[in-house]
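Here is what each chain is made of, one letter per residue.
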Amino acid sequence: RELAEQKLAQTEQQAQADLQRLLEGKAQAQAEREAAEGQLSALRESHAQLEARHAALAERVAAAEADHSELLRLREQCSAEAALLSTLREQQQSTQQQEAAANEEAVRQSRERADKAEKQLERLREHLLEQEEANTAALLDAEQRLAESRRELAET
């Protein structure tokens, strides 16, 4: 009976030690489970933050691509406007050169006409002077004849 009681006590002690180890293992497993759940929760939160950052970055990339497209469009527009401006400047320069040449030609022709008119005026003056001299001579001759006619009339 003593031996059975000893065995029973030993078994109880062993059961008690096993129970203690199981309780400690359970507590350790519970602590590990809670730690793992904490880590999992932290990982989920970190994952959610990474997804939010990824979404924000994707939006920024999309905005940057839109800005880049707009800049390319503006660059093309500026190039087209620069080419048009260059063409307009060339046309303006050509037009100014043509106008200057036309003005020079008009001035030259006007001077030629003025020179011709001045020569004609000079010839007309000369002609009028000649005519005036001829008229003066004719008038003197007529006055002389009139005076002679009056003398003859007075003598008769």
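The coordinates are above.
Worth saying up front: this structure is predicted, and the values here are computed from it rather than measured. (Residues numbered from 1 in each chain as written. Predicted model: local features only at pLDDT ≥ 70, side-chain atom pairs only at ≥ 80, totals over all residues. Heavy atoms only, no water.)

### Notes on the overall build of the protein chain
Stage number 1. Assigned secondary structure in the protein chain consists of one helix and zero strands.
Stage number 2. Relative to the compact-globule value of 15 Å for 156 residues, the protein chain shows a C-alpha radius of gyration of 65 Å, a clear excess of over 25%.
Stage number 3. Overall, the C-alpha framework of the protein chain stretches about 220 × 25 × 10 Å when taken along its three principal axes.
Stage number 4. A buried classification covers 0% of the 156 residues belonging to the protein chain.
Stage number 5. Carbon and sulfur atoms form 53% of the exposed surface of the protein chain, whose accessible area is close to 14,500 Å².
Stage number 6. Side-chain charges of the protein chain comprise 21 positive and 33 negative groups, with the mean position of each set lying 4 Å from the other. (Helix = DSSP H or I, 4+ residues; strand = E, 2+ residues; numbered from the N terminus. Rg over C-alpha atoms; globule rule 2.2 N^0.38 Å. Buried < 20%, exposed > 50% of the residue type's maximum accessible area, 1.4 Å probe, protein only. Areas by Shrake-Rupley, 256 points an atom, 1.4 Å probe, with all protein chains shown as cover. Lys, Arg positive; Asp, Glu negative; His and termini not counted. Charge placed at Lys NZ, Arg CZ, Asp CG, Glu CD.)

### Details of the pattern of salt bridges
Stage number 1. Summed over all chains, the structure comprises seven salt bridges.
Stage number 2. Between Arg-73 and Glu-70 there is a salt bridge; the shortest N-O distance is 2.6 Å. On the criterion of helical spacing, the pair formed by Arg-73 and Glu-70 is a turn pair, its members being three residues apart in helix H1 (residues 2-155).
Stage number 3. Here Arg-73 falls in the partly exposed class, since its relative accessible area comes to 41%.
Stage number 4. Given the relative accessible area of 35%, Glu-70 is considered partly exposed.
Stage number 5. Its salt-bridge partner being Arg-108, residue Glu-105 comes within 2.3 Å of it at the nearest N-O pair. (Salt bridge = Lys/Arg side-chain N within 4 Å of Asp/Glu carboxyl O.)

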